[in-house]
Amino acid sequence: MRIGRAAGLTDPGRRRLRNEDAFICEPPLFAVADGMGGARAGEIAAGLAATALGEAGSEAQGEEGVVALITEANRRIWERSLADPQTAGMGTTVTAALVDADTGAVGIGHVGDSRAYLLRGGRLEQLTTDHSLVAELVQSGVLTPEEAERHPQRSAITRALGTEPSVEVDAFTVQAEPGDLFLLCSDGLPTMVGEDEMHEAIERAGRDPARAADALVAAANEHGGEDNVTVVLFELLAAVDGAEAVSTPLPAPAAEAVDPERNGDPDGSSATEESSASLRRHGAGPGGRIAALALIAGVLVLGLLALYLATTQ
Ligand SMILES: [Mn+2]
């Protein structure tokens, strides 16, 4: 598996003067934070969360990695709020995804009411459960989901990052499939735009993360834009494992020979179809093209690394 296109976008909306949301779109890490607190405290809290997550480097892995990152962000916001009375009580939501491209495991952690969704096949599914008053009332059967959407207290959250010395992070792992599109968003999106309309906007954008981000933010603003709105989208694709396979001839007879043995094994046959489809896609181009692209990418990475080292010294 590999991470394909990714995009993030934040917008103050139509009613708020400031934008207290923040996001990270730095593959393999993606996150959305929605700050709260008086003066500029919400902005500071969300910014601290994004910075703390962004500094993680590549050591963090999987679900535990996400929890460690969020826990560290909590510590920083809490300590800052103790040191700076103007920011006392500030906090932020956070929803973060850390992708392990090798295994296709997507670790997701969250605190508050920023959400993660997954578009797989033809279905958009909400992955996270809000830590909010209305979500708890829906869970206990007091409110219907429809009532919760219009509830005046719908933005009251029951868990936040940075408001206490420690925080309980909800975390889980999604085993990604090729073609999966993940969406992280602040509550400014789902409070303005229904799930069906979100899904339609992404489809109309051809599932292109950058175009979908524009369309989702535009939809939130068309519906009133009552809150800051932030979206991060990223796709997961099948690994370009054709590198070795491309240099060898297309094993079409082998695929046929496999069929009788695997009769009645849908997994086996679909895997065969998938790999031969992948071979067809890349088979026409010489293996040299992929090698050249890899070389260019390698040179770019080295250049960026040199630049980074030069600027940090
Ligand atoms: Mn919000």
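## Brief notes about the overall build of the protein chain
Then step 1. Within the protein chain, the secondary structure is distributed over ten helices and ten strands.
Then step 2. Burial analysis of the protein chain (313 residues in total) assigns 37% to the buried set.

## Observations concerning the confidence of the model for the protein chain
Then step 1. For the protein chain, the mean per-residue pLDDT works out to 85, and 83% of the residues sit at or above 70.
Then step 2. Residue range residues 244-250 is modelled with pLDDT below 50. Its contacts to residues more than four positions away, or to other chains, number eight contacts.
Then step 3. Confidence drops under pLDDT 50 across residues 252-285; counting only partners more than four residues distant or on other chains, this segment forms 15 contacts.

## A word on helix 2 (residues 62-83)
Then step 1. Compared with an ideal rise of 1.5 Å per residue, which puts 22 residues at 32 Å, helix 2 spans 32 Å between its outermost C-alpha atoms and is within 8% of the ideal.
Then step 2. All of the buried residues in helix 2 are G65, V66, V67, L69, I70, A73, N74, I77, W78 and S81.
Then step 3. Where helix 2 is buried, its residues touch helix 1 (41-54), strand 4 (91-100), strand 5 (105-111) and strand 8 (170-175).

## A word on the sheet that holds strand 1 (residues 2-11)
Then step 1. The strand order 1-10-9-6-7 describes an open sheet built from five strands, whose pairing is antiparallel. Of all strands in the sheet, those bounded by a partner on one side alone are strand 1 and strand 7 (123-126). Across this sheet, the average inter-strand angle for adjacent strands is 15°, counted without regard to direction.
Then step 2. As paired strands, strand 1 and strand 10 (residues 229-237) are joined by eight bridges and run antiparallel to one another. Within strand 10, the residue paired with A7 across the bridge is L233.
Then step 3. Set on the sheet, helix 6 (residues 209-222) makes contact with strand 1 and strand 10; between it and strand 1 the angle comes to about 25°.

## Some points on the nonpolar core
Then step 1. Of all hydrophobic cores here, the largest spans 70 residues; its most connected members are A31, A49, A96, L216 and V231.
Then step 2. Excluding its chain neighbours within four sequence positions, the residues that come into contact with L216 are L189, V193, M198, A201 and V231.

## Side note on the pairing of strand 10
Then step 1. Along strand 10, eight of the nine residues are buried, which leaves the element largely enclosed by surrounding structure.
Then step 2. Judged from the five bridges that link them, strand 9 (residues 181-185) and strand 10 form a sheet pairing that is antiparallel. What sits directly across from F182, in strand 10, is F234.

## Examining the sheet that holds strand 8
Then step 1. As summarised here, the arrangement of the five strands in space is 2-3-4-5-8, forming an open sheet in which the pairing is antiparallel. Each edge of the open sheet carries a strand with a single partner, namely strand 2 (21-26) and strand 8. On average, each strand axis in the sheet is inclined to that of its neighbour by 10°, with strand direction left out of account.
Then step 2. Alignment of strand 5 against strand 8, held across six bridges, turns out to be antiparallel. Paired with V106 across the bridge in strand 8 is V174.
Then step 3. Relative to strand 3 (residues 29-36), helix 1 is tilted by about 160°, and along the sheet it contacts strand 2, strand 3 and strand 4.
Then step 4. Running over the sheet, helix 2 touches strand 4, strand 5 and strand 8 and is turned about 155° from strand 4.

Criteria and cut-off values
- Residues numbered from 1 in each chain as written.
- Predicted model: local features only at pLDDT ≥ 70, side-chain atom pairs only at ≥ 80, totals over all residues.
- Helix = DSSP H or I, 4+ residues; strand = E, 2+ residues; numbered from the N terminus.
- Buried ≥ 20, exposed ≤ 12 C-beta atoms within 10 Å, placed from the backbone.
- pLDDT = per-residue confidence, 0-100.
- Contact = placed C-beta atoms within 7 Å.
- Expected span 1.5 Å × (residues − 1).
- Pairing = 2+ DSSP bridges.
- Axes fitted to C-alpha atoms, helices over the stretch in contact; angles between N-to-C directions.
- Core = buried A, V, L, I, M, F, W, Y, C linked by C-beta atoms within 7 Å.

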